[in-house]
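Examination of the molecular architecture
In case you want the letters, here they are:
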Amino acid sequence: MSDAAPTTAATDPTSTSEPRDDRRVDALTHEVVAAWMAGQRWYAAKGLDPALRLIAALEGEVDGVRVSTQLVIDDAPSTPVLYQVPLTVRTEPVDALDEVLIATDGERWLYDGPHDAAYARWLLGTIDGGATVQADGASVEGQHLADIGAVTAVRVLRGEQSNTSVICDVDGGGGQVIVKVFRVLHHGDNPDVTSQAALSAGGSTRVPRSFGALRGTWPDVGRDEGTATGHLAFAQEFLPGLEDAWRVALQAAQDGVDFTEQAHGLGQATAEVHAVLAEQLPTVAAGTDEIASAVGSMRQRLEVASDEVPAVAEHADAIRRIYDAAEGLEWPRLQRIHGDLHLGQAVSSPDRGWVLLDFEGEPLRPMPERSRPDVTLRDVAGMLRSFDYVAGALQHGDHPTDASGWAHDARRAFVDGYIAASGTDIRAQRTLLDAFEIDKAVYEAVYEARNRPDWIGIPIAAVARLVERSAPDAA
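For the structure given in this document, a descriptive report is provided here. (Residues numbered from 1 in each chain as written. Predicted model: local features only at pLDDT ≥ 70, side-chain atom pairs only at ≥ 80, totals over all residues. Heavy atoms only, no water.)

Structural notes on the overall build of the protein chain
Assigned secondary structure in the protein chain consists of 13 helices and 15 strands. Counting over 475 residues, the protein chain shows a buried share of 51%. In the protein chain, once contacts between residues fewer than 6 apart in sequence are set aside, the share between residues at least 24 apart is 63%. Accessible area of the protein chain: about 21100 Å², with a carbon and sulfur share of 47%. (Helix = DSSP H or I, 4+ residues; strand = E, 2+ residues; numbered from the N terminus. Buried < 20%, exposed > 50% of the residue type's maximum accessible area, 1.4 Å probe, protein only. Contact = heavy atoms within 4.5 Å. Areas by Shrake-Rupley, 256 points an atom, 1.4 Å probe, with all protein chains shown as cover.)

Pasting the structure below:
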């Protein structure tokens with residue numbers, strides 16, 4: 001690159017703040033990218049100045065536009081984070097990309113890649129190539145795509161925090177494809193890719209159809225083999241114009257509209273997804289070690305919550321007894337699950353009914369743990385908590401509404417639907433299910449205490465209700 005001094009000209013395009021002052025540096029290099037990264041939604045170390053190290057870069061060219069996918073480690077936080085930063089470099093400015101211009105030296109214009117159709121063409125072409133591409137210390141390997149046509153236009157979904165999803169219009173009758181670009185990279189398969197690919201392979205219509213994924217290998221001195229491997233991007237069918245179940249349920253509860261039919265269908269969809277995952281991916285028996293590990297995690301979260309939230313501490317002894325009782329039960333086989341299921345992870349399709357999205361698992365869990373076989377009741381518990389949150393949100397709205405009865409009916413209908421589709425009476429596993437739901441509510445209590453203290457009553461009320469119902473010594 002030239003030694004001319006570039007000008008930074010970008011802010012987070014989803015932000016309403018004024019652009020930051022122009023900065024001049026020696027070249028279009030890390031310093032420029034670091035200054036820009038600090039304002040992006042997906043940058044995890046908010047309030048810190050990124051300290052970047054380039055460990056690998058994948059270079060390509062399409063339609064005369066240079067594409068550079070940089071893998072950089074940020075040493076600013078106490079635990080370094082590996083990011084994927086796709087960039088496009090053009091020799092002429094593009095007015096439509098002004099909002100995502102990172103820098104220019106007057107000869108080249110550096111843009112945030114996912115907003116540039118040239119990057120989408122390169123990415124889908126690389127996925128479709130099915131061959132390994134190597135450059136500057138890294139390699140990627142694609143999977144052959146279905147015939148989806150050429151990219152004609154792109155737009156980036158707004159509001160996402162940890163990844164960047166690009167909606168691609170394609171010609172040839174292909175409709176639209178959504179490509180999720182993983183910003184924070186981890187060693188190991190991403191369950192969002194492997195779970196949905198397995199569901200598509202098993203013929204499930206309860207997820208968008210998978211088209212392909214891009215895997216990468218990069219240097220990692222912390223691993224014995226010296227390299228790490230993980231997913232960089234994932235392409236799948238885009239289902240436009242569908243509202244998520246959270247919005248649909250919230251409106252129904254606010255209007256006092258019965259939601260039991262929809263909740264029943266959502267329970268059926270969840271059970272169907274679990275069944276296909278069990279067919280397509282390995283399952284394991286829940287042995288003593290597996291059960292002890294799961295309950296141990298519950299106990300650890302309880303101790304943290306008891307220290308931070310006095311209202312949780314009041315119920316801690318009773319919760320421990322429930323966990324003890326759960327540990328002594330016979331657990332169902334462990335399998336791949338959604339891992340972070342709630343109403344916001346489902347959309348209603350006129351043709352398919354409920355479709356589940358985002359199988360990446362809990363963002364705070366290490367990547368290998370997110371793919372580990374687990375208990376399907378964890379997903380059931382997550383959805384039950386989500387119905388409670390609909391009622392809680394209305395109780396804390398501008399016009400407080402008591403929707404507790406609505407939530408009770410929706411929860412019951414969801415369980416009925418799950419039982420009908422799975423053939424398993426999960427109500428007979430009430431103690432185990434309640435343990436998972438309490439664990440989720442305990443986690444929520446910590447979150448609300450730290451972020452929305454006015455909402456702390458939602459998870460605390462659930463803890464009190466479940467403890468009263470399920471405590472071994474309860475009447």
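Anyway, onward from the coordinates.
Topic: the layout of surface pockets
Sizing a probe to match a water molecule and rolling it over the atoms shows the empty space that remains. In this model, the second largest pocket occupies a volume close to 630 Å³. Looking at the second largest pocket, it is lined by 24 residues, and the ones nearest its centre are Asp-388, His-408, Arg-411, Arg-465 and Arg-469. Within the residue set of the lining of the second largest pocket, elements represented by two or more residues are helix H10 (376-395), helix H11 (404-422), helix H12 (430-451) and helix H13 (457-470). Within the lining of the second largest pocket, the residues separate by chemical class into nine nonpolar, seven polar and eight charged. (1 Å grid on protein atoms, 1.4 Å probe; cavity = no way out; pocket = protein on both sides within 12 Å on 5 of 7 lines; lining within 4 Å. Points joined across faces, edges and corners; volume = space filled by probe spheres on them. Nonpolar A, V, L, I, M, F, W, Y, C, P; charged D, E, K, R; others polar.)

Re empty space enclosed by the protein
Taken as a whole and assessed by the stated rule, the structure comprises five cavities of 30 Å³ or more. In this structure, the second largest cavity encloses a volume near 140 Å³. As for the second largest cavity, its lining consists of 13 residues, of which Gly-339, Glu-362, Arg-378, Asp-439 and Lys-440 are closest to the centre. Of all the secondary-structure elements, those providing two or more residues to the lining of the second largest cavity are H10 and H12. Tallied by class, the residues present in the lining of the second largest cavity amount to four nonpolar, two polar and seven charged.

Describing the side chain of Gln-84
Its location among the elements puts Gln-84 in strand S4 (residues 81-90). Residue classification places Gln-84 among the buried positions, given a relative accessible area of 2%. Side-chain polar atoms of Gln-84 contact the backbone oxygen of Leu-232, separated by 3.0 Å. Those residues in contact with Gln-84 that sit more than four places away from it in its chain are Thr-69, Gln-70, Leu-71, Tyr-119, Val-181, Phe-182, Arg-183, Leu-185 and Leu-232. (Polar contact = N/O pair within 3.5 Å; in protein donor to acceptor, adjacent residues only side chain to side chain.)

A few points about the nonpolar core
If you look at the biggest cluster of nonpolar residues, it comprises 73 residues, and the most contacted ones within it are Phe-259, Leu-266, Tyr-323, Trp-331, Phe-387, Trp-406 and Phe-414. Residue contacts for Phe-414: discarding those within four places in its chain leaves Ala-263, His-264, Leu-266, Gly-267, Thr-270, Val-380, Met-383, Leu-384 and Phe-387. Core analysis: the next-biggest nonpolar cluster, separate from the first, contains 36 residues, Ala-56, Leu-58, Val-181 and Phe-211 among them. (Core = buried A, V, L, I, M, F, W, Y, C linked by side-chain atoms within 4.5 Å.)

Quick look at the pairing of S4
With respect to burial, S4 is a largely interior element, 10 of its 10 residues being buried. Side-chain alternation along S4 places Val-81, Tyr-83, Val-85, Leu-87 and Val-89 on one buried face and Leu-82, Gln-84, Pro-86, Thr-88 and Arg-90 on a second face that is also buried. For S4 and strand S6 (residues 109-112), the ladder comprises four bridges, and the chain directions are antiparallel. When the bridges of S6 are listed, Leu-87 appears paired with Asp-112. (Pairing = 2+ DSSP bridges.)

Considering the packing of aromatic side chains
Taken as a whole and judged by the stated rule, the model has 10 aromatic pairs. With a centroid separation of 5.8 Å and an interplanar angle of 55 degrees, the aromatic rings of Trp-42 and Tyr-83 are classed as tilted. Taken as a pair, Trp-42 in the loop between helix H1 (30-37) and strand S2 (52-62) and Tyr-83 in strand S4 lie far apart in primary sequence, 41 residues in all. Taken as a pair, Trp-42 and Tyr-83 share a single burial class, namely buried. Feature note: the residues Trp-36, Trp-42, Tyr-43 and Tyr-83 constitute an aromatic cluster, connected by ring pairs. Sitting over the face of the ring of Trp-455, Arg-452 holds its NZ or CZ atom 4.2 Å from the ring centroid. (Phe/Tyr/Trp six-rings, centres within 6.5 Å; stacked < 30°, edge-to-face > 60°. Lys NZ or Arg CZ within 6 Å of the ring centre and 35° of its normal.)

Some points on the pairing of strand S11 (residues 175-182)
Counting buried positions over the eight residues of S11 gives six, a clear majority of the element. With eight bridges joining them, strand S10 (residues 163-170) and S11 adopt antiparallel strand pairing. Following the sheet pairing, Ser-165 is matched in S11 by Lys-180. Note: S11 against strand S13 (residues 227-237), five bridges, orientation antiparallel. In the sheet register, Val-179 faces S13, and the bridge partner there is Ala-235.

Fair warning: the whole summary comes from geometry, so function is off the table for now.
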